[in-house]
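Examining the three-dimensional arrangement
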Amino acid sequence: MYGGGNIFEKPENEIQEDPVKLAEFEARILAGEKIEPTDWMPKEYRKQLIRMIEQHAHSEIIGALPEGTWITRAPGFRRKLALMAKVQDEVGHAQLLYSAAETLGKPREDMINDLISGKSKYSNVFNYPAVTWADTAIIAWLIDAGAIINQVANSKGSYGPYCRALERICQEESFHLKYGHDNVVFLATGTQKQRQMVQEALNRWWPPIMHFFGPSDKISVHTETLMRWKVKMASNDDMRQKFLDMYVPKIWDLGLTIPDPKLKKNEETGTWEYTEPDWKEFKRVINGDGPCNAERLAVRKMSEEKGKWVREALLNRNEMYSVPLS
Ligand SMILES: [Fe+2]
Ligand SMILES: [Fe+2]
């Protein structure tokens, strides 16, 4: 799973960089080459990539929490096994991404500390609760679907370690999407109570899903430089449109209603029209005032503290084995 549209800061002026090196760097990207950790790169490229990969890693590890709360309550052993595997995958995605971000020079401990202190952001969508089992089905289907759209685009980006991590992640995400779809179909074709549950879950999750791709292009900071450097691969609105194109018909096919009376495809322009998402709410939640922000960070903090002895034991073990035997 993934945290959609990233929050980019306005890039600093790249003119401060060595113009010859900058031109070579841009020519490599234009030629479709990947940039590797030891290659020269502009400071701003490094900074924005750290921000993006770190946000993505945090979104995976925090994203495991809303569904994770349902492992003990999953309906039946088969569903429980599948959910456990999915949650485990999401935490694994975070590990891959923290490793990719570390290649750019930010230590993992700093990233974890910035997450716990609230300095680093993660996807807003995970600050909402999974109220019923049907919420986990909607998350696994539609949030993971949004994640795939985002990640497939980013896997064509310019930074080698990030692209390679994304290729593997996307394969696992596709499996999550199938698992989520299977759950939604089961509920949507079930008893009246099950259909009602999944409809209510969709009603709850639709606004966060629309937020997922990030602020509208009209208000988001996305620059020509980041697109040229293949840090950002598509605009937030383009990805939102792609998601609507692929998933609205599938949702309607199941007999579910999308809670937006304005939602329709404009056949002339080929784009979807919808009620403008509430960007004030988006900002409020990203700044820490969502229904689950405090709970998510408290769980992360607790797990960091409780895992301390394991990390220390591993370090001691390594030291033990580094002593030459004689
Ligand atoms: Fe996933
Ligand atoms: Fe994931």
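The rules behind these values
- Residues numbered from 1 in each chain as written.
- Chains lettered and ligands numbered in written order.
- Predicted model: local features only at pLDDT ≥ 70, side-chain atom pairs only at ≥ 80, totals over all residues.
- Axes fitted to C-alpha atoms, helices over the stretch in contact; angles between N-to-C directions.
- Helix = DSSP H or I, 4+ residues; strand = E, 2+ residues; numbered from the N terminus.
- Parallel < 35°, antiparallel > 145°, perpendicular 65-115°, else oblique.
- Left-handed = near helix turned anticlockwise from the far one by under 90°.
- Nonpolar A, V, L, I, M, F, W, Y, C, P; charged D, E, K, R; others polar.
- Contact = placed C-beta atoms within 7 Å.
- Buried ≥ 20, exposed ≤ 12 C-beta atoms within 10 Å, placed from the backbone.
- pLDDT = per-residue confidence, 0-100.

One way to put it is that helix α5 (residues 133–154) packs onto helix α6 (residues 160–188) with a least axis distance of 7 Å and a crossing angle of 150 degrees. Of the possible angle classes, the one that applies to α5 and α6 is roughly antiparallel. In the crossing of α5 with α6, the sense of the turn from one axis to the other is left-handed. Looking at the contact of α5 with α6 residue by residue, the classes come out as 16 nonpolar, seven polar and two charged.

We now examine the packing of α5 against helix α9 (residues 236–253). α9 packs onto α5 with a crossing angle of 130 degrees between their chain directions and a minimal axis gap of 10 Å. In terms of orientation, α5 and α9 fall into the oblique class. Regarding α5 and α9, the two cross each other, and that crossing is right-handed. The segment α5 lies against α9, with Leu142, Ala145, Gly146, Ile149, Asn150 and Ala153 engaging Met239, Lys242, Phe243 and Tyr247.

Time to look at the environment of tryptophan 133. Mapped onto the elements of the fold, tryptophan 133 is located in helix α5. According to the C-beta neighbour criterion, tryptophan 133 is partly exposed, with 19 such atoms within 10 Å. Residues tryptophan 133 and alanine 201, 68 residues apart in the sequence, show an inter-C-alpha distance of 8.8 Å. Once residues within four sequence positions are removed from consideration, tryptophan 133 is found in contact with Trp70 and Pro75.

What follows is about the confidence of the model for the chain. Looking at the chain, the pLDDT average stands at 92 and 92% of residues meet or exceed 70. Mean pLDDT per element in the chain: helix α12 (residues 308–322) is the minimum at 82, and helix α7 (residues 192–212) is the maximum at 98.

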